Amino acid sequence: MRFRTFLASTAIAVTLTGLATAPADAGGRTYLALGDSVAFGYRPGAVTPVSDYLNAANFRGYAENYASLRGLRLANASCPGETTGSFLEAGAQSNGCENSVGSPVGYRTTFPLHVTYAGTQIDYATRYLRTHRDTKLVTLNIGANDMFVCQATTPDQCTGTDFQAALNQVSRNVATILGAVRAHYRGDVVLVSYYSLDYRDPVQVKQVQAINAALTQVTRRYHGKIADGFTAFRLASLRTGGDPCAAGLLIKLPTGGCDVHPTAAGHRVLTAALTLAR
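Owing to the predicted nature of the structure, the values given are computational and were not obtained by experimental measurement. (Residues numbered from 1 in each chain as written. Predicted model: local features only at pLDDT ≥ 70, side-chain atom pairs only at ≥ 80, totals over all residues. Heavy atoms only, no water.)

Remarks on the packing of aromatic side chains
The way to describe two aromatic rings as a pair is by their centre distance and the angle between their planes. Just so we agree on the cut-off: The pairing test for Phe, Tyr and Trp rings, Trp by its six-membered ring, is centres within 6.5 Å, and the orientation test on the planes gives stacked under 30 degrees, edge-to-face over 60, and tilted for anything in between. In this description a helix means any DSSP run of H or I spanning at least four residues, a strand means any run of E spanning at least two, and both kinds are numbered starting from the N terminus. Burial classes follow relative accessibility: with a 1.4 Å probe on protein chains only, a residue under 20% of its type's maximum area counts as buried, one over 50% as exposed, and anything between as partly exposed.
Under the definition given, this model contains 13 aromatic pairs. With a centroid separation of 5.6 Å and an interplanar angle of 40°, the aromatic rings of F40 and F59 are classed as tilted. Residue F40 is found in helix α2 (residues 37-40), and its partner F59 is found in the loop between α2 and α3 (62-70); the two are separated by 19 residues along the sequence. Of the two residues examined, F40 and F59, each falls in the buried class. Put simply, the rings of F40, Y42, Y53, F59, Y107 and F111 touch in pairs and so form one group of aromatic residues.

This is how it looks when you write it as structure tokens:
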């Protein structure tokens, strides 16, 4: 196990070193990032001053990292709490983007996003792609909030048949999203897959793998690539026995434990996964 950990750590270190020295792409091309709080670079209120939320530039994640490294002009349309449903339809249930479970209040109703737009994220994406023919890359990170909403609104907390029903709906919605993107864009589309919060928990790992498998299947249907965030976090957590929190990849909370969102180090790992997308 120690030798495997050494190899994994070395592979990640080499990848990140390559990123740090990667030459910028020429031509002033653009990059459109779509998705939820992970794509946004969100940090929870327990570790973030309220004033930081008044300027979205205070939040940087894998999208900003990758754009900077490759010399791309970034339009990051992501919204914390976005579900696949609210991505497509104004007023649909989100997990804190335009609304929250049991509340009309969401992040977007209170604080600015990285880019300003009316309507849905898919509306912005299609308008953007129609008017930016030099777009080099579109990334998508979406689906986890659908499952959180399912947990909060179903009697069995999204286990059994409710889990599969929610996953089927996510697949249908992601197909609609990618179909709309492909109607205006033929370049690289990359799905950034979800990481596990604890690779020592077989139940949680199985659920994340099921979500990623469904997302991957749809993405491949639309000729997209996969940035394997799941494996990247697992390798980066080997030295702590599969605990991303202890590995410093997830934001530590003052009360103990970790939030679900990545630290700067976690986002660097996702950036590395994005460079290796295939």
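This is not the end of the story, as more comes after the structure.
A look at the state of the cysteines
In plain terms, the rule: Disulfides are defined in this document as cysteine sulfur pairs within 2.5 Å.
Scanning the model with the defined rule gives 3 disulfides in all. Between the sulfur of C245 and that of C258 lies a disulfide, 2.1 Å long from S to S. Its S-S torsion of about 75° marks the bond between C245 and C258 as right-handed, since a negative value means left-handed. One end of the pair, C245, is in the loop between α10 (229-236) and β6 (250-252); the other, C258, is in strand β7 (residues 258-262), with 13 residues separating them in the sequence. Judged by relative accessible area, which is 15%, C245 ranks as buried. Classification of C258 by relative accessible area gives partly exposed; the value is 23%.

The values are spatial; any link to function lies outside them.
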